[in-house]
Amino acid sequence: MDGVLFFPVTPFTEDGDVDLTALAEHVAKGVDAGPGGVFIACGTGEFHALEVREFAGVVRTAVEATGGRVPVYAGAGGSVAQAKAFARAAADAGADGLLLLPPYLVTMPAAGLVAYTREVASATDLPVIVYNRANARYTEASAVEVAHIPTVVGFKDGTGDVDQVARIVRAVTDALAPSGKPFQFFNGLPTAEVSQQAYRAIGVTLYSSATFAFAPELALAFYGALERSDETQVAALLREFFHPLVRLRDTVPGYAVSLIKAGVTMEGIAAGPVRPPLIMPTPEDLAELTRIIAAGRAVIADELAAVR
């Protein structure tokens, strides 16, 4: 994978059911914009709120809407039994790989996290990206150990501990060098754009973009500015769009998901509400989100005009 990674929301009807029609439109529109991969039913997609039959329908819909244009990875996590069930459902639905989300609730020693990863990875033949965040925190040694699991192909960080991640990147890269095993590292912090300059400095060039779900032109403009070292454009997008978005996101727990879902609806696809315990943004916060999006688009107005 390369480029911006697309994390779709999971649309719900006003009655709370999964809206597969809206999901298909959402995924197809996003893939048309040119991401490097689709990560369906993960954090932004409210994996925590889906049961396995719903999840299977969501993954199958995303696979069909993507049409093989880019890889489709699906979330799996929770208890070890649940994670294995979701992994199998993802494989049956045609997913190309798994993003392994943290185990439910419990803290654990490194050996336990390795055992969890090994068990879930053994449930299917799908490639697995492990997610270093919350209670699932890999040490250098445990990251090297899971990187040697044949189907584990990537490491995504959501801790923001750049010092620790830099050491993990170096340790894993050195350990895999003799075998030549391909392996990728990802920045998985919420609104990853605001930290991506730091991650690029330690060799982590891939990142998840929630912004891509509702404003792909802003996500792509930022990625392009990073790639061509356009510091003026990077600074302007951070100042006018990404930093204000983070400030708004941090006012209410769960806004990292519900603001994105609201943004998708603003852009013409009825994504519906989030499921409890998350809540939707207030009218005042929706107005602020509208203002922030407009400010971001003003930064790239010339680029947008050229495309049109």
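Just so it is clear, the structure is predicted and the values come from calculations on it, not from any experiment.

Rules and cut-offs
- Residues numbered from 1 in each chain as written.
- Predicted model: local features only at pLDDT ≥ 70, side-chain atom pairs only at ≥ 80, totals over all residues.
- Heavy atoms only, no water.
- UniProt positions renumbered as here; feature names shortened; annotations may be inferred.
- Helix = DSSP H or I, 4+ residues; strand = E, 2+ residues; numbered from the N terminus.
- Buried < 20%, exposed > 50% of the residue type's maximum accessible area, 1.4 Å probe, protein only.
- Contact = heavy atoms within 4.5 Å.
- Phe/Tyr/Trp six-rings, centres within 6.5 Å; stacked < 30°, edge-to-face > 60°.
- Lys NZ or Arg CZ within 6 Å of the ring centre and 35° of its normal.

## As for the UniProt feature "active site" (unreviewed entry) in the protein chain
Under the local residue numbering, the UniProt record ascribes the feature "active site" (unreviewed entry) to Tyr131 and Lys156. The greatest C-alpha distance among the residues just named is 4.8 Å, despite their covering 26 residues of sequence, which places them together in space. Examined against the element boundaries, Tyr131 turns out to sit in strand β5 (residues 128–132). Look at Tyr131 and you get buried, because its relative accessible area is 6%. Leave out the neighbours within four places in its chain, and Tyr131 touches Leu99, Leu100, Leu101, Ala136, Tyr138, Lys156, Asp157, Gly158 and Gly188. Along the chain, Lys156 falls in strand β6 (residues 152–157). For Lys156, the contacting residues outside a window of four places in its chain are Phe7, Leu99, Ile129, Val130, Tyr131, Asn132, Phe186, Asn187, Gly188 and Ser208.

## Focus: the packing of aromatic side chains
Overall, the coordinates contain 14 aromatic pairs when judged by the stated rule. With centroids separated by 6.0 Å and ring planes inclined at 85 degrees, the aromatic side chains of Phe47 and Phe55 adopt a geometry described as edge-to-face. Here Phe214 and Phe241 contribute two aromatic rings whose centre-to-centre distance is 6.5 Å and whose plane-to-plane angle is 50 degrees, an arrangement assigned as tilted. With Phe214 in the loop between β8 (206–209) and α8 (216–227) and Phe241 in helix α9 (residues 231–249), this pair connects stretches of sequence that are 27 residues apart. The pair Phe214 / Phe241 is uniform in exposure class, with both members buried. Counting every residue linked through ring pairs, the aromatic cluster contains Phe7, Phe39, Tyr73 and Phe186. The ring of Tyr131 carries Lys156 above its face, with NZ or CZ at 4.4 Å from the centroid.

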